[in-house]
Amino acid sequence: MQIFPESVRKLWNEWELRLMVLLSLFLQIVLIIFSNRRKYRVTPWIRILIWSAYLSADWVATVSLGTLSNSQGDSEGKLLDPNYTLMAFWAPFLLLHLGGPDTITAYSLEDNELWLRHLLGLVVQVGVAFYVFLRSWAGTPLTFLSIPMFVAGIIKYGERTCVLRSASKNHFRDSLLPVPDPGPDYADFMEEYWEGKLEVARMRKGNIVQKPRQSTVGDDITIPGGKYIDKAYFLFENQFRHLYANLILSLDDQQTSERFIKELSFEEAFKVVEMELSFLYDVLYTKATLVYSPLGILLRIASFFSTISTLAAFCFFIDRHEFSNIDINITYLLLLGAIFLEIYAIIMLILSDWSIVWLSSKKNSLTDSICRAITPFRPVLTSDKRWSGRMAQNNLIDSCLRDKTKFNQFPRFFDMNKFLEKYWYMSWEKVDDMKEPIFCCLLRKKKLFETLRWSIIDVEFDHSILLWHIATDLCYPCDVDKSPDTNLKSWCKLSKCLSEYMLYLLVMCPFMLPKGIGEFRFRDTCSEAKRFFQQRRESISNRNEACRLLLEVDTEVEPIKVKGDKSKSVLFEACRLAKTLKSLEMEMGEKWKMVNEVWVEMLCYAASHCGWIQHGQQLRRGGELLTHVCLLMSHLGLSEQFQILEGENVHVPRSLLGWLPRQPPPGPTPRSYSPEVAPPAARGL
């Protein structure tokens, strides 16, 4: 019994390969246009689109090659049929598609670690395509036209495999290791010493002294748009790559970057960091390391001219009357699509930051003129954004008050309803107003009121985040409505945004924070808050009423003495903190400025304790403010990844000792530190 009628089966067999090839081309176009946008977009739909296209592209191209080889194998009497020969001509295009566009080689960092799998795929798929080519060999001009397309396809697929290998963790680190240095030849030195050739030995020893690396930072750049790109590339090439690979840098490197960053304003410093992270994104997720090299340019020229020559020869030397009009049109679409992909990639190459760096390094009138000519086209043809410039917001009280039944009708398969609920109620705020207080915080320190010590020093970091988040949220509506002062409202807004951003990290990105039991505390706190609001739902008409009712609860007795340690909820501890903040004898503006600085310090502490791999993962999601702060701290020397060489008489200021991140102990433990090594959030502002 046949499920489908014979006519449907015949139609599918006739159009199966054609549709698969066209779908493969369509997915490549989607990837090359949209994949780079995830670098500066935070909305989930762009990631879903790219994820779907990335996974489908390889699958569709592989299935198409299999279908093509199978149809050739099952048609022994039709191997020389022109239509089958023309379809076999599509095999190199599928290799081209398997190579992928320049704008994406890996969807996530895990894809780079699977480069061996892609290498095996390269061997197998090239073998299948070559098998199709041999089975369809007819000695016609069309057969010979497959050769240049094979060259282009193998180049593309080989590029992708090489880039995946170079971006894998081990190979990335190995590529940065210096050449092993055995040092002076001690045996030869001592032999010459005893032979009375001490002077010669001393001369040899003197010749071994290495010259310190000369920095180009600070050079005058006349090319528009090249001033900070050139400096950012210097820091990326000589320092940031090593930091990402967890290599130790010298004190000279730290002093170079610190001297340069301190000469900049807060906007300029964050701009340089933004450019460095953009370079890292290109290295980890695109073909940048190969495309922007002399070898890559030669391969790009060879691939482009192979495709152009094939199109020209197909137009002038192939008798189109021998083939089906549909297959001829599909072949033209494949050729034009391949040329479009090449031209688009070349435009991206010319207008990229990497090209500006190369042009600015030449420092002559010709490159200066070229750069001035292409600069106006950069914002038109490409986006000048390098990251989203936004930070996600998550609010605990809002999550407890909102309607939970909205997504109940969605299937619970794989917790789809919870996934939609999280992202539906999430919002984003611009980080522009956060840059100045963060930059100033890294350059100066203040002291904290002793009455707030219990909420910062004597509790774990995730505990502190929840306490200050709820307390900030409870104080915010009262203080904002009381005063018309715009400066006060600005500090309140900054504090609230940082508070909700830190909660977002705790809930959605716990891997970016020090180890702890933040998820348990958040769930227990939400559970207690929902019970509290449910019991008083008739009295709660809006959000401000809910906050007022929480503040009216008597918290004279510590909650932990009443509830014990079974529940990890911190709801009423946060109410105690909010009341303490309200009782401080200080101006409201100064109080909120202090609250803002507490949040900035917490942000910096979290940044210093997040691994670079986790930061790298977030680059494909639009980037995180936490990552920018972490790199800025590293450039200012507030990192463990700098080594003081033996013999160097270096005094480390006491104020910097607390910034040195410590490995958190396994499992949750209270944050109690001595003043010398405490993080700033624990020591006080």
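A brief report on the enclosed structure follows. Residues take numbers from 1 onward in each chain, read along the sequence in its written order. Residues qualify for local features only when their pLDDT is at least 70, as the model is predicted, and side-chain atom pairs are given and counted only at 80 or more; totals for whole chains, interfaces and linings, by contrast, use all residues. Side-chain numbers here rest on the full set of heavy atoms in the structure, without hydrogens or water.

As a further point, take the overall build of the chain. Working definition: helices are DSSP H or I runs of at least four residues, strands are E runs of at least two. Numbering for both runs from the N terminus. A count of helical and extended segments in the chain gives 33 helices and four strands. Burial statistics for the chain: of 685 residues in total, 51% are counted as buried. Counting contacts in the chain only where the partners sit at least 6 residues apart, residues at least 24 apart contribute 81% of the total. A 1.4 Å probe and the Shrake-Rupley method give the accessible areas. Residues count as covered only by the protein chains that appear here. As displayed, the chain offers around 34,000 Å² of accessible surface, 58% of which is attributable to carbon and sulfur atoms. Burial here depends on accessible area, computed with a 1.4 Å probe over protein chains only, as a share of the maximum for the residue type. Under 20% is buried, over 50% is exposed, and the range in between is partly exposed. We call two residues in contact when some of their heavy atoms are within 4.5 Å.

We call a set of buried Ala, Val, Leu, Ile, Met, Phe, Trp, Tyr and Cys residues a nonpolar core when their side-chain atoms join them within 4.5 Å. Trp-468 and Leu-625 are the most contacted members of the largest nonpolar core, which totals 126 residues. The element that contributes the greatest number of residues to this core is helix 24 (residues 486-508), accounting for 13 residues. Counting 39 residues, the second largest nonpolar core, distinct from the first, contains Leu-142, Phe-150, Ala-313 and Phe-323.

Multiplying 1.5 Å by the residue count of a helix minus one yields the expected span of that helix. With 13 residues, helix 28 (residues 571-583) should reach 18 Å at 1.5 Å per residue; the first-to-last C-alpha distance of 19 Å fits that figure. Listed as buried for helix 28 are Leu-571, Phe-572, Glu-573, Ala-574, Cys-575, Leu-577, Ala-578, Thr-580 and Leu-581. Buried residues along helix 28 sit against helix 23 (461-482), helix 25 (518-535), helix 26 (543-551), helix 27 (559-563) and helix 29 (588-608).

The working definition used for a salt bridge is a side-chain nitrogen of Lys or Arg within 4 Å of a carboxyl oxygen of Asp or Glu. Overall, the coordinates contain 28 salt bridges when judged by the stated rule. Note that Glu-159 and Arg-300 form a salt bridge whose closest N and O atoms lie 3.6 Å from each other. Placement of Glu-159 in helix 7 (residues 141-167) and of Arg-300 in helix 15 (residues 294-317) is noted, with a sequence separation of 141 residues between them. One exposure class covers both Glu-159 and Arg-300, and it is buried. Arg-548 is paired through a salt bridge with Glu-545; the nearest N and O atoms lie 2.5 Å apart. With Arg-548 and Glu-545 both in helix 26 and three residues apart, this pair spans about one turn of that helix. Among the charged side chains, a salt-bridge network with shared partners connects Asp-102, Lys-156, Glu-159, Lys-287, Arg-300 and Glu-342.

Look at Asn-246: it is not a glycine, yet its phi comes out positive at around 60 degrees. Along the polypeptide, Asn-246 turns up in the loop between helix 11 (227-244) and strand 1 (249-250). Given a relative accessible area of 48%, Asn-246 falls into the partly exposed group.

This paragraph deals with the state of the cysteines. Throughout, disulfides are identified as pairs of cysteine sulfur atoms within 2.5 Å of each other. As enumerated under the stated definition, the model contains zero disulfides in all. Here Cys-604 is not cross-linked by a disulfide; its sulfur's nearest cysteine counterpart is in Cys-441, at 4.6 Å. Cys-604 sits in the buried class, given a relative accessible area of 0%. No disulfide involves Cys-610; its sulfur sits 6.7 Å from that of Cys-630, the nearest cysteine. Of the residues examined, Cys-610 reaches a relative accessible area of 7% and is grouped as buried.

So, on to the environment of Cys-315. Structurally, the position occupied by Cys-315 is in helix 15. Classification of Cys-315 by relative accessible area gives partly exposed; the value is 29%. Taking the C-alpha atoms as reference, Cys-315 lies 9.1 Å from Tyr-332; in sequence the two are 17 residues apart. Among residues more than four places away in sequence, those in contact with Cys-315 are Arg-320 and Tyr-332.

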